[in-house]
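# Observations on chain architecture
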Amino acid sequence: MYRLVYADAGGRFYDHPEMAAVGRTGDRFVEITPSEMMPLPRGASLVLIPAGSPVGLGRRGNFVLVERVRGAPVFAVAALLPQGYTRTLLPAYRRPAGEKPLPLFGYAAVAWHKGGLWVAARQTDNPYRWDPGHYNTPELERLISGRLGRHPVNPILVQLARCAREYSCFTAQNIFYRRWEGGVPVSPRCNARCLGCISSQPAECCPSPQERISSAPPVEAVVEVMEEHLRHAPGAIISFGQGCEGEPLLAAGTIAAAISRVRRLVSRGTININTNAGHTAGMEKIISSGVDSIRVSLISARPGIYRAYHRPHYYDLHDVRRSIVLARQAGVFVSLNLLVLPGLTDREEEIKSLLAFIQETGVQMVQLRNLNIDPDYLFGRLPPARGELAGIGKLISRLKKVPGLLVGNFSREV
């Protein structure tokens, strides 16, 4: 039996001697099955759900709200997964009405099984380069200080130093480690107001985990960071559109000029842009400059869901579609950054719309991304979900059956 895991007020966790663990998909509680579970992977962590009472499965097969154990209040527990793993079920809990939304994390159901912790997830990519053991190492501060010493007035490096130190951002740290995928923030503005944006949040939601770059840097600063990384880093990828900036297509003039200049200096490595793809004119500039790949964030290929979550300004899903088609016609590698949430992304109507979108636009890869958000907050702001639930496992299987489509979690060198 997969046993219910709960926490006491001091943060200590226990397995319940009688209750079986329960998961959640959308607004439904479901019994946990072995096909959805795996041992808690290295790099995962446990969190207590504030004011969240766990739900367990009783001996009679009924769902039970567990508010106290031996007279003391208890709380639901969830896991936060490292990159390379896709969540299959949400944790099962109830919170009182009026509670503030939970912080922006990707909460996954956990259970106690065979003497250890298990999580509702499956491995969907090779996590080696994103293993937390490669980051926040003892030499990081020396590398940051040395780079800033050589380029003390570069505003991008100043921003990345903050992201690396305060937010432990892996793509920021990679610029200083001089390896793999490194982020280059450029745009302080955005043309969307995504409900789960990690760099700018409306007051009614939750605190942003990081701040955006405050102003657009000059082209020279962008070129300086790009050239060194592409010239020297193994597996070099430069990525615009990371968590500490807005929409990079709104800074297309700066980015396109930087790409053109860098490509006259360095031919190796991959230049990638993470974008909502709504600003088609900006996309055309980026394509003409010689960008290698784009990754487009998408919660749904259905317009109503798309608008409710992304809340676009002066663009819509048809603009995103057009930008992707233009990129593919120019030979640019295109991925979807698919924001995955059990109970939404794995509904039949969502899957069918997504598969049609992929076929119509020529998308070459789907990168699965656990959506970091309070599920109650999100579902309360989306149109009512309809259609049968296939499950996250079947969603992944159907994506993998699309001829030529790559399915994983991380950007590739192209």
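Only a predicted model underlies this, so the values are computations on that prediction, with no experimental measurement involved. (Residues numbered from 1 in each chain as written. Predicted model: local features only at pLDDT ≥ 70, side-chain atom pairs only at ≥ 80, totals over all residues. Heavy atoms only, no water.)

## Focus on empty space enclosed by the protein
Rolled over the atoms, a probe as big as a water molecule pinpoints where empty space is left. So the rule is basically this: Points on a 1 Å grid over protein atoms alone make up a cavity when a 1.4 Å probe fits among them but cannot get out, and a pocket when they form an open set with protein on both sides within 12 Å along at least five of seven lines; lining residues each have an atom within 4 Å of a point. Grid points are joined across faces, edges and corners, and a volume is the space filled by probe spheres set on the points. Strands here mean DSSP runs of E at least two residues long; helices mean DSSP runs of H or I at least four residues long; both are numbered from the N terminus. For this scheme, ten residues count as nonpolar: Ala, Val, Leu, Ile, Met, Phe, Trp, Tyr, Cys and Pro. Four count as charged, namely Asp, Glu, Lys and Arg, and the remainder, Gly too, count as polar.
Scanning the entire structure with this criterion turns up three cavities of 30 Å³ or more. There is about 90 Å³ of room inside the largest cavity. What lines the largest cavity is simply L4, V5, V22, P54, V55, A76, V77, P91, A92, A109 and V110. Broken down by secondary-structure element, the contributors of at least two residues to the lining of the largest cavity are β1 (3–7), β7 (53–57) and β11 (75–80). For the lining of the largest cavity, the per-class residue count stands at eleven nonpolar, no polar and no charged.

## Considering the layout of surface pockets
Formally: The split of the chain into domains comes from an automatic or database domain assignment.
Its boundaries defined by the atoms lining it, the second largest pocket holds a volume of some 250 Å³. As for the second largest pocket, its lining consists of 16 residues, of which E36, L89, A390, G391 and I392 are closest to the centre. Those elements that place two or more of their residues in the lining of the second largest pocket are β4 (28–31) and α11 (392–400). Both domains that meet at the lining of the second largest pocket, namely domain 1 (3–123) and domain 2 (143–408), each give it at least three residues.

## A short note on helix α4 (residues 219–232)
Side chains that are three or four residues apart share a direction in an α-helix, a result of its 3.6 residues per turn. Put simply, the rule is: Here the expected span of a helix is defined as 1.5 Å times the quantity of residues minus one. Any residue under 20% of the maximum accessible area for its type is buried, any over 50% is exposed, and the rest in between are partly exposed; the area is computed with a 1.4 Å probe on protein chains only.
Taking 1.5 Å per residue as the helical rise, α4 with its 14 residues ought to reach 20 Å, and the 20 Å between its terminal C-alpha atoms agrees with that figure. For α4, every residue scored as buried is listed here: V219, A221, V222, V223, V225, M226, E228, H229 and L230.

## Brief notes about the domain arrangement of the chain
What counts here: In what follows, residue pairs with any heavy atoms lying within 4.5 Å of each other are defined as contacts. Reported buried area values correspond to the accessible surface (1.4 Å probe) lost by two parts on association, with both partners' losses combined. For this analysis, a salt bridge means a side-chain nitrogen from Lys or Arg found within 4 Å of a carboxyl oxygen belonging to Asp or Glu. A 3.5 Å cut-off defines polar contacts: any pair of N or O atoms within that distance qualifies, except that in protein one atom must be a possible hydrogen donor and the other a possible acceptor, and neighbouring residues in sequence count only when both atoms are side-chain atoms.
Looking at the chain, the domain boundaries give domain 1 (3–123) and domain 2 (143–408). If you average the C-alpha positions of domain 1 and of domain 2, the two centres end up 30 Å apart. Taken residue by residue, the interface counts 22 residues in domain 1 and 30 residues in domain 2. Sorting the residues of domain 1 by area buried against domain 2 places R87, P101 and L104 first, and these three jointly supply 34% of that buried surface. Counting the contacts that link domain 1 with domain 2 gives two salt bridges. For R95, the salt bridge identified is with D374, shortest N-O distance 3.6 Å. Joining domain 1 to domain 2, the criterion identifies ten residue pairs in polar contact (both at pLDDT 80 or more). When contributions to the side of domain 1 that touches domain 2 are tallied by element, the ones reaching two or more residues are β3 (22–25) and β12 (85–87). Looking at side-chain class alone, the side of domain 1 that touches domain 2 contains eleven nonpolar, six polar and five charged residues.

## Let's talk about the state of the cysteines
Stated formally: The definition used for a disulfide is geometric: two cysteine sulfur atoms within 2.5 Å.
Across all of its chains, the model carries zero disulfides by this definition. Looking at C169, it has no disulfide partner, and the nearest cysteine sulfur is the one in C163, 5.7 Å off. Cysteine C244 is unpaired, with the sulfur of C163 as its nearest cysteine sulfur at 3.6 Å. C244 gets classed as buried once you look at its relative accessible area, which sits at 3%.

## Considering the packing of helix α8 (residues 317–329) against helix α9 (residues 348–361)
The condition is simple: Each axis is a line fitted through C-alpha atoms, and for a helix only the stretch in contact is used; angles between axes span 0 to 180 degrees, taken between their N-to-C directions. Orientation categories follow fixed angle ranges, with anything under 35 degrees roughly parallel, anything over 145 roughly antiparallel, 65 to 115 roughly perpendicular, and all other angles oblique.
Look at α8 against α9: their axes get within 9 Å of each other, and the N-to-C directions meet at 40°. As the angle between them shows, α8 and α9 are arranged oblique. Taken together, the residues of α9 that come into contact with α8 (itself represented by L317, R321, I324, V325 and R328) are F357, E360 and T361.

## What about the pattern of salt bridges?
Evaluation of the coordinates by the stated rule reveals 22 salt bridges. Note that R12 is salt-bridged to D8, the shortest N-O span being 3.0 Å. A residue is classified by how much of its surface remains accessible, and R12, at 51% relative accessible area, is exposed. The exposure class assigned to D8 is buried, which follows from its relative accessible area of 13%. Here R165 ties to E141 by a salt bridge, and the two come within 2.6 Å at their closest N and O atoms. With R165 in helix α2 (residues 155–166) and E141 in helix α1 (residues 140–150), this pair connects stretches of sequence that are 24 residues apart.

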